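Report on the structure
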Amino acid sequence: MSARVIDGKAVADALRTEVAEAVRDLSAHGFTPGLAVVLVGDHPASRVYVRNKSARTVEAGMRSFDHRLPPEVTETELLDVIRMLNADDAVDGILVQLPLPSHIDASTVLLAIDPAKDVDGFHPVNAGRLATGTPGLVPCTPLGCLMLVKSVTPSLDGLDAVVLGRSNIVGKPMAQLLLAESCTVTVAHSRTRDLADLCRRADILVAAIGRPEFVRGDWIKPGATVIDVGINRVAEPGDGPSLLGDVAFAEAVEVAGAVTPVPGGVGPMTIACLLRNTVAAACLRRGLAIPNALTAFG
Ligand code: NDP
């Protein structure tokens, strides 16, 4: 058996097209959604990521506000920038690029973001909304994973789902999203016993643990949908570092019904979902309905 390889880039491109159309339609209401990205310091990977975000924001017809702060900026100065962005009506979404320098407490900063503009969905208010099924902003990576699952399996009703990993940014919100789709969800972590057996029962398996090729082919139920969130840089002899997921892709593709590759699976969805969340935040703040194309996944 050879699994369908889910093309995350194609799904992300389609979502960005829907976002751009929604932005055009919203101009009839007299506003253009705006995303502010705050980058502290000059972490090379963060700089590239922030540049990409800004380019994609503008490409989708939205306003992009970049705030680059020096590495020695104090927590108080950073909080002042967040307060200024909270109060700025042109800003619908605020994203503080992580990691922050060690002298700044990331949770204090994330708590200072107005939950209505929290397009990363990390604020406890938005986590609570997700847990209680109330409209809010959902973290981008798990939202993207759900869209990928639904691109191959539109109805998840009653399916068994296993989420490997229990972080606040991926594992826990992923579990909540699958529960909201009426899956029977099990969340596994480093203390879970009989992990392979547990995974073998999953119709939907999401791996988000940060361990290269940890999930083997014989852990996968034949025909299951496997979403690989992991991004692991591994040094290859002779070559530069290569990127591996948490799933042994060559083995998974022989057993699964559908599987995401790394790279080209979950990765491209994260920025597309950030743009989607910016439009969603702009609508929710103004009491407008989120455009259908951005709520119907898959
Ligand atoms: P964290 O390190 O915050 O969490 C990892 C989770 O995996 C923890 O819950 C941990 O368990 C669990 N875990 C670790 N080792 C094992 C093990 N041997 N068996 C079972 N569970 C284990 O990572 P994140 O959630 O932030 O990210 C996970 C992966 O996803 C990383 O590779 C990251 O790079 C990638 N990622 C990719 C994104 C994308 O855009 N594609 C975005 C975000 C993350 P415990 O809680 O018990 O310690």
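Coordinates for the structure precede this section.
All figures in this text were calculated on a predicted structure; none of them were measured in a lab.

**Thoughts on the overall build of the protein**
A tally of regular secondary structure across the protein gives 11 helices and 11 strands. Taking 2.2 N^0.38 as the reference for a compact globule, 298 residues should give roughly 19 Å; the C-alpha atoms of the protein span a radius of gyration of 19 Å, in line with that estimate. Across its three principal axes, the protein shows a C-alpha extent of roughly 55 × 45 × 35 Å. Across the 298 residues of the protein, 48% fall into the buried class. At a minimum sequence separation of 6, the contacts of the protein that also span at least 24 residues come to 69%.

**So, the pairing of strand 4 (residues 93-96)**
Here strand 4 shows no split at all, with Gly 93 and Leu 95 on one side and Ile 94 and Val 96 on the other all buried. Sheet topology note: the strand 2 (residues 34-40)/strand 4 ladder contains 4 bridges and is parallel. Bridge assignment links Val 37 to a residue of strand 4, and that residue is Leu 95.

**Some remarks on the side chain of Lys 53**
Relative to the elements of secondary structure, Lys 53 occurs in helix 2 (residues 44-59). We note that Lys 53 is buried and unpaired, the nearest opposite charge coming from Asp 120 at a distance of 6.0 Å. Reaching out from Lys 53, the side chain makes a polar contact with the side chain of Gln 97 at a distance of 2.6 Å. Those residues in contact with Lys 53 that lie beyond four places of it in its chain are Leu 95, Gln 97, Ile 271 and Leu 274.

**A word on the packing of aromatic side chains**
All chains considered together, the criterion is met by 1 aromatic pair. Considering the side-chain rings of Phe 214 and Trp 219, the 5.5 Å spacing of their centres and the 80 degrees angle between planes classify their relative orientation as edge-to-face. The exposure class of Phe 214 is partly exposed, given its relative accessible area of 34%. It is Arg 286 that lies over the ring of Phe 31; its NZ or CZ is 3.7 Å from the centre.

**Re the pattern of salt bridges**
Between side chains of opposite charge, a pair can form when the charged atoms approach closely. Per the counting criterion, the structure on display carries 13 salt bridges. For Lys 221, the salt bridge identified is with Asp 203, shortest N-O distance 2.8 Å. With Lys 221 in the loop between strand 7 (204-207) and strand 8 (225-228) and Asp 203 in the loop between helix 8 (195-200) and strand 7, the pair connects residues that are 18 residues apart, well separated along the chain. Given the relative accessible area of 28%, Lys 221 is considered partly exposed. Notably, a salt bridge pairs Arg 216 with Glu 251, separated by 2.5 Å at the nearest N-O pair. With Arg 216 in the loop between strand 7 and strand 8 and Glu 251 in helix 9 (residues 249-255), this residue pair connects regions lying 35 residues apart in the sequence. Taking the relative accessible area as the measure of exposure, Arg 216 reaches 30% and is therefore partly exposed. It is possible to trace a salt-bridge network through shared partners that takes in Lys 9, Asp 13, Arg 16, Arg 56 and Glu 59.

About the cut-offs
- Residues numbered from 1 in each chain as written.
- Predicted model: local features only at pLDDT ≥ 70, side-chain atom pairs only at ≥ 80, totals over all residues.
- Heavy atoms only, no water.
- Helix = DSSP H or I, 4+ residues; strand = E, 2+ residues; numbered from the N terminus.
- Rg over C-alpha atoms; globule rule 2.2 N^0.38 Å.
- Buried < 20%, exposed > 50% of the residue type's maximum accessible area, 1.4 Å probe, protein only.
- Contact = heavy atoms within 4.5 Å.
- Pairing = 2+ DSSP bridges.
- Lys, Arg positive; Asp, Glu negative; His and termini not counted.
- Salt bridge = Lys/Arg side-chain N within 4 Å of Asp/Glu carboxyl O.
- Polar contact = N/O pair within 3.5 Å; in protein donor to acceptor, adjacent residues only side chain to side chain.
- Phe/Tyr/Trp six-rings, centres within 6.5 Å; stacked < 30°, edge-to-face > 60°.
- Lys NZ or Arg CZ within 6 Å of the ring centre and 35° of its normal.

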